[in-house]
Amino acid sequence: MQFESLNEFLAMGGYGFYVWLSFGSCAAILLALFFSSLRDGSKLRHEVRAQMKREERIKKAKQQEQV
Amino acid sequence: MTAQHSYWQLFTSVYSKDVTLAFRQRSEIVNPLLFFLIVITLFPLAIGPEPALLKRIAPGIIWVAALLSTMLGLDKLFRDDYNDGSLEQLIASPYPLSLSVLAKVFAHWTITGLPMVLMAPMFALLMNLDSQALGATVLTLLIGTPLLSFIGAIGAALTVGLQKGGILMSLLVLPLYIPVLIFATSAIDTSSMSLAYGGQLAILGAMLAVACVCAPIAISSALKVSVS
Amino acid sequence: MWKWLHPYAKAERAYQLCNTLMPYFAVVTVVCLVVGWVWGLAYAPADYQQKDSYRIIFIHVPSAILSMGAYSSMAIAAVIALVWQIRNAELAVIAIAPVGAAMTAIALITGAAWGKPMWGAWWVWDARLTSELILLFLYLGVLSLYHAFEDKKSAGRAACILAVVGVINLPIIHFSVEWWNTLHQGATITKFDTSAIDSSMLWPLLINIAAFAGFVGVVTLIRLKNEILQCERHRPWVRELVGRGE
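Residue indices begin from 1 for each chain and proceed along its sequence in written order. Chains and ligands are labelled sequentially in the order written, the chains with letters from A and the ligands with numbers from 1. Only residues with pLDDT of at least 70 are given local features in this predicted model, and only at 80 or more are side-chain atom pairs given and counted; all residues enter the totals for whole chains, interfaces and linings. In computing side-chain values, all of the structure's heavy atoms are included and hydrogens and water are not.

Attention now goes to the overall build of chain A. In DSSP terms, a helix is any run of H or I states spanning at least four residues, a strand is any run of E spanning at least two, and both are numbered starting from the N terminus. When helices and strands are tallied, chain A shows 2 helices and 0 strands. Between the two quantities, the radius of gyration covers C-alpha atoms and the globule rule is 2.2 Å times the number of residues to the power 0.38. Relative to a compact globule of 67 residues, whose C-alpha radius of gyration would be 11 Å, chain A shows 26 Å and is clearly more extended. Principal-axis analysis of the C-alpha atoms gives chain A an extent of 80 × 20 × 15 Å. Counting across all 67 residues of chain A, residues that qualify as buried make up 25%. Note on areas: these come from Shrake-Rupley sampling with a 1.4 Å probe, and a residue is covered only by the protein chains present in the view. Entry remark: accessible area of chain A is about 4,900 Å², with carbon and sulfur atoms responsible for 58%. Charge assignment in this entry is limited to Lys and Arg as positive and Asp and Glu as negative, and neither His nor the chain termini are counted. Where a charge lies is defined by one atom per residue type: Lys uses NZ, Arg uses CZ, Asp uses CG and Glu uses CD. Distance from the positive charge centre (10 side chains) to the negative charge centre (7 side chains) of chain A: 15 Å. Relative accessibility under 20% of the residue-type maximum defines a buried residue, over 50% an exposed one, and the middle range a partly exposed one, all with a 1.4 Å probe and only protein chains included.

Dropping the structure here:
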């Protein structure tokens, strides 16, 4: 461990702002990209599911009409 | 297909059609030139009229203005043909599309690039460039503007099918213009220091040769995507 | 020789391949990211010249490497898509582009945050920074071209053509920018030589590079799966898959 205390770790020898700025923005971008990709996927699956349900409903309605 | 029409005839007919159309509508030739002139006028007004300063930044200004005014005509390069369906005819014709595309690019250069080259001495005088740099300006524009037409035509071909392709095209094309800009301005810079600038011209020429060969292929495949 | 590759041109097989590969990349990413960041931030010794500010290197260098690596893989996929007309390769191009753009953005932001304490300016027109910025423009160009098209099929092909044109231009741009820089102001940064780095700093750097590579892999796979689903959404296998709740 290079640092004695948590405060020293956060200060980064006086460069804390720059170091944490870059690590923070990096983490933010990585997380945003990851979660937006996941969300796109689940949205897509939701859409496909909704589409399937709709088609089923239409099918059922048609069958009832015939009856 | 009979060999009644040679490739050369195809080239000249496409070329002369585009040039004739442009000459009928003078604004297509005059407007980019006026734009070029106005952009150049803006800089001394914005930065200040000191001759030494203007001389220092003249190559950059002239070239940035040249880039922007080439962009003006690019959107029209394939747009009209796309709208009236003649682009589809060109694609469907038994002749290689890259050849007719080459003719169109040359026509675009004749309409926008060549007038700029011819007017360049005047612009250089406006910016206080001396006679050595003036020669370099004309030469770099002569080699560089066809290159701009080639690269720009790729972007124009990719965006021709889109409703609002104009701004997108400049986003696609301008980063690709950077090498041309760098070498052309540095050639003018070195020439104003009375050094030999043959190297930069040679690189520009090499890029033009590569673009001559590769760009028509890229343009024609992009056109096929846009039209289909 | 190509026989074993052929099935992956089919969307369903490619989708399954994504699923198989995903856990490996995920494990590499999570393990290396945690180890690399903790090691880099807390345990690696401070640089004797740059003190603790050099710790930015542990994210700056990996993201810069991956930004270029992602572009080259995108261009390879684009060439495959154009030459062999494989739809999945087109989808891969679209899947990689945002990831590469994010890597480029990280490299630029961390570069700026590192430049401020070291050179005293957020941005200098250094050759590497400039070509990285142009790389970002190229990525954004591919992405905005893709999103501008209504018809996703021609959008994919147009994006592929642009990616290939970009990769031909990239060395020229890089070379010209480097040359421009040496002409105008002389090199501003000392070259970061890997052999000159002590192993106590090299190891966390390598681990971080692996972590970023894994991350690019994971997110590309997720996005590729999305793209495949999007394009095959009316096929029975997608419906079956979604119906199973996957």
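Now for the overall build of chain B. Summing up its helical and strand segments, chain B has 8 helices and 0 strands in all. A compact globule built from 228 residues should have a C-alpha radius of gyration of about 17 Å, and chain B, at 18 Å, falls within 12% of that. For the C-alpha atoms alone, the extent of chain B along its principal axes is close to 60 × 35 × 30 Å. For chain B, the residues scored as buried account for 53% of the 228 residues in total. Whether two residues are in contact is decided by their heavy atoms, any of which lying within 4.5 Å being enough. Across chain B, contacts joining residues at least 24 apart in sequence account for 83% of those joining residues at least 6 apart. Of the accessible surface of chain B, which amounts to about 9,900 Å², a share of 70% is contributed by carbon and sulfur atoms. The distance from the centre of the 10 positive side-chain charges to the centre of the 10 negative ones in chain B is 2 Å.

Across the boundary between the two partners, chain C contributes 25 residues, which contact 20 residues of chain B. The term buried area denotes the loss of accessible surface (1.4 Å probe radius) that occurs when two parts are joined, taken as the sum for both partners. Interface of chain C and chain B: buried area, both sides summed, is about 2,000 Å²; carbon and sulfur atoms make up 87% of it. Salt bridges are defined as contacts in which a side-chain nitrogen from Lys or Arg sits within 4 Å of a carboxyl oxygen from Asp or Glu. Between chain C and chain B we count 0 salt bridges in total. Those elements that provide at least two residues to the side of chain C that touches chain B are α4 (127-148) and α5 (152-184) of chain C. Here the element with the most residues in the side of chain C that touches chain B is α5 of chain C; it accounts for 16 residues. Grouping the amino acids of the side of chain C that touches chain B by side-chain chemistry returns 18 nonpolar, 6 polar and 1 charged. Amino acids are sorted into nonpolar (Ala, Val, Leu, Ile, Met, Phe, Trp, Tyr, Cys and Pro), charged (Asp, Glu, Lys and Arg) and polar (every other residue, Gly among them).

Next up on the list: the interface of chain C and chain A. On the side of chain A, 34 residues touch chain C, which itself brings 46 residues to the contact. Carbon and sulfur atoms make up 74% of the surface buried where chain C meets chain A, a total of about 3,500 Å² over both sides. Three residues stand out in chain C for area buried against chain A, namely Leu41, Arg239 and Val242 of chain C, and they jointly supply 17% of the buried area on that side. Our count for the chain C to chain A interface comes out at 2 salt bridges. Here aspartate 40 of chain A ties to arginine 223 of chain C by a salt bridge, and the two come within 3.9 Å at their closest N and O atoms. N or O atoms within 3.5 Å of each other form a polar contact, as long as, within protein, one can give a hydrogen and the other can take it, and as long as residues adjacent in sequence are counted only when both atoms are side-chain atoms. Across the chain C-chain A interface, the total number found is 4 residue pairs in polar contact (both at pLDDT 80 or more). Counting residues per element, the side of chain C that touches chain A draws most heavily on helix α3 (residues 87-119) of chain C, which supplies 12 residues. Across the side of chain C that touches chain A, the residue classes break down as 30 nonpolar, 7 polar and 9 charged.

On to the nonpolar core. We define a nonpolar core as any set of buried Ala, Val, Leu, Ile, Met, Phe, Trp, Tyr and Cys residues linked to one another through side-chain atoms lying within 4.5 Å. Counting residues in each nonpolar core, the largest one holds 126 residues, and the members touching the most others are Phe78, Leu158, Leu204, Ile219 and Leu223 of chain B together with Met74 and Leu145 of chain C. Per-element tally for this core: the top contributor is helix α6 (residues 131-159) of chain B, with 14 residues. Beyond its immediate sequence surroundings of up to four residues, phenylalanine 78 of chain B is in contact with Leu87, Lys104, Ala153, Ala156, Ala157, Val160, Ile219 and Leu223 of chain B. Membership of the second largest hydrophobic core comes to 30 residues, among which are Leu33 of chain A together with Ala42, Leu66 and Val216 of chain C.

In this section: the arrangement of the chains. Highest in contacts among the 2 pairs of chains that touch are chains A and C. Left apart from each other, chain A and chain B have a closest C-alpha approach of 23 Å.

Further remarks concern the pattern of salt bridges. Tallied over the full model, the rule gives 11 salt bridges over all chains. The partner of arginine 233 of chain C in a salt bridge is glutamate 47 of chain A, with the nearest N and O atoms 3.2 Å apart. Taken together, the positions of arginine 233 of chain C in the loop between α6 (199-231) and α7 (236-243) and glutamate 47 of chain A in helix α2 (residues 16-66) put the pair across two chains. With relative accessibility at 19%, the residue arginine 233 of chain C sits in the buried group. Glutamate 90 of chain C is the partner of arginine 87 of chain C in a salt bridge, and the nearest nitrogen-oxygen pair spans 2.5 Å. Here arginine 87 of chain C pairs with glutamate 90 of chain C, and both are found in helix α3, just 3 residues apart, close to one helical turn. On the accessibility criterion, arginine 87 of chain C (23% relative accessible area) is partly exposed. With a relative accessible area of 6%, glutamate 90 of chain C lands in the buried category.

By convention, a stacked pair of Phe, Tyr or Trp rings (six-membered ring in the case of Trp) has centres within 6.5 Å and planes under 30 degrees apart, an edge-to-face pair has planes over 60 apart, and any other such pair is tilted. Under the definition given, this model contains 13 aromatic pairs over all chains. Judged by centre distance (4.9 Å) and plane angle (80°), the rings of phenylalanine 23 of chain A and tryptophan 37 of chain C are edge-to-face. With one member in each of two chains, phenylalanine 23 of chain A in helix α2 and tryptophan 37 of chain C in helix α1 (residues 11-43) form a pair that bridges those chains. Here phenylalanine 23 of chain A and tryptophan 37 of chain C have matching classes, each one buried. Look at phenylalanine 11 of chain B and tyrosine 15 of chain B: their rings are 6.3 Å apart centre to centre, the planes differ by 5°, and that puts the pair in the stacked class. Note that phenylalanine 11 of chain B and tyrosine 15 of chain B are positioned in helix α1 (residues 7-24) at a spacing of 4 residues, about one turn of the helix.

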